[in-house]
Amino acid sequence: MSASTSGGYVIRAIRPDDWPRVKQLRLDALRDPIAHLAFLETYEEAEARADAFWQDRAVGSGEGSTAARQFIAEAPDGTWAGSVTVLIEEAGTKDWAGLAVERRQGHVVGVYVRPEHRGNGLIKALLDAGVEWARDRDAERVRLLVHADNERAQGAYRKAGFVPSGVIVPFFKDASQDELEFVLEWPS
């Protein structure tokens, strides 16, 4: 997918040589007072990773990868304003939580928009790019998990066309809390 623009931002897939910026955006997200809850790792864990990890991540989810794609929103001044990653999950496998994957689908992870860029539709533009990429890879739907108490994120996902599926999974950091699956499906 080539770069597209949305409100002055360029939405594009990361490139392998973007790895230092991929790392920095992730570290910034993990320091965010709200957003860090949605990530599987802590700031300290991410910061301790070797450069080779970030280089591999930029290759594995960058332009040319068919298994995952990370999209960034680049502001007119060159700042990376946000990011969304979509993983392709194959039917007949299990996802990271051990749940059966019943059909080929995209799984949105790593959603982050810097606070100063929130509220302007940027998250929808990023999600639209990820959904388009998944559809181009014959995914039958795209899904994501969101904390049951994160109403702001749920609202943003609804605006992007995602709806609750009814699937509830224990929150990976605290099994006494729940995450809700939201999906975006299209006619087959």
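Residues numbered from 1 in each chain as written. Predicted model: local features only at pLDDT ≥ 70, side-chain atom pairs only at ≥ 80, totals over all residues. Heavy atoms only, no water.

Quick look at the pairing of strand 4 (residues 80-89) now. Among the ten residues in strand 4, nine count as buried, and that is most of the element. Alignment of strand 3 (residues 68-74) against strand 4, held across seven bridges, turns out to be antiparallel. Bridge pairing in strand 4 links Gln-70 to Thr-85. The turn joining strand 3 and strand 4, which pair antiparallel and follow one another in sequence, is formed by five residues; a positive phi near 95 degrees is taken by Gly-78. Relative to strand 5 (residues 105-113), strand 4 runs antiparallel, the two sharing seven bridges. Paired with Val-86 across the two strands is Val-108, which belongs to strand 5. (Buried < 20%, exposed > 50% of the residue type's maximum accessible area, 1.4 Å probe, protein only. Helix = DSSP H or I, 4+ residues; strand = E, 2+ residues; numbered from the N terminus. Pairing = 2+ DSSP bridges.)

A few words on the nonpolar core. Val-108, Leu-122, Leu-126, Tyr-157 and Phe-162 are the most contacted members of the largest nonpolar core, which totals 33 residues. Every element with two or more residues in this core is listed here: strand 2 (9-13), strand 3, strand 4, strand 5, helix 4 (122-136), strand 6 (141-147), helix 5 (151-159) and strand 8 (174-185). Sorting elements by how many residues they give to this core places helix 4 first, with eight residues. Among the nonpolar cores identified, the runner-up in size contains 16 residues, and Leu-25, Ala-35, Ala-46 and Trp-80 belong to it. (Core = buried A, V, L, I, M, F, W, Y, C linked by side-chain atoms within 4.5 Å.)

On inspection of all chains with the given rule, the structure shows 17 salt bridges. The residue Asp-17 makes a salt bridge to Arg-15 at a minimum N-O spacing of 4.0 Å. A residue is classified by how much of its surface remains accessible, and Arg-15, at 32% relative accessible area, is partly exposed. Taking the shortest distance from any N to any O, the salt bridge between Arg-21 and Glu-74 comes out at 3.8 Å. Within this pair, whereas Arg-21 is found in helix 1 (residues 19-31), its partner Glu-74 is found in strand 3, the two being separated by 53 residues in sequence. Here the salt bridges share partners, and the residues they tie into one network are Glu-89, Asp-95, Arg-141, Arg-143 and Glu-181. (Salt bridge = Lys/Arg side-chain N within 4 Å of Asp/Glu carboxyl O.)

Further remarks concern the pairing of strand 3. Look at any regular strand and the pattern is simple: side chains alternate between the two faces of the sheet. Counting buried positions along strand 3 yields six of seven residues, so the element is predominantly enclosed. Alignment of strand 2 against strand 3, held across four bridges, turns out to be antiparallel. Bridge assignment links Ile-11 to a residue of strand 3, and that residue is Ala-73.

Where helix 1 contacts helix 3 (residues 51-60), the two axes come as close as 8 Å, and the packing angle between them is 105 degrees. Between helix 1 and helix 3, the crossing angle belongs to the class labelled roughly perpendicular. Of the residues in helix 3, those in contact with Trp-19, Val-22, Lys-23 and Arg-26 of helix 1 are Asp-51, Trp-54, Gln-55, Arg-57 and Ala-58. In the contact of helix 1 with helix 3, the residues fall into four nonpolar, one polar and four charged. (Axes fitted to C-alpha atoms, helices over the stretch in contact; angles between N-to-C directions. Parallel < 35°, antiparallel > 145°, perpendicular 65-115°, else oblique. Contact = heavy atoms within 4.5 Å. Nonpolar A, V, L, I, M, F, W, Y, C, P; charged D, E, K, R; others polar.)

Locating Gly-82 in the fold gives a position in strand 4. With near-sequence residues (within four places) excluded, Gly-82 lies in contact with Leu-25, Phe-71, Ile-72, Ala-73, Tyr-112, Val-113 and Leu-126.

Mapped onto the elements of the fold, His-147 is located in strand 6. Side-chain polar atoms of His-147 contact the backbone nitrogen of Asp-149, separated by 3.0 Å. His-147 has contacts with Gln-154, Phe-171, Gln-177, Asp-178 and Glu-179, leaving out every residue within four places of it along the chain. (Polar contact = N/O pair within 3.5 Å; in protein donor to acceptor, adjacent residues only side chain to side chain.)

As enumerated under the stated definition, the model contains two aromatic pairs in all. Consider the rings of Phe-53 and Trp-54, whose centres lie 4.9 Å apart with planes at 90 degrees: the pair is edge-to-face. In this structure Phe-53 comes out as partly exposed when scored by relative accessible area, which is 27%. Accessibility expressed as a relative area gives 0% for Trp-54, which makes it buried. (Phe/Tyr/Trp six-rings, centres within 6.5 Å; stacked < 30°, edge-to-face > 60°.)

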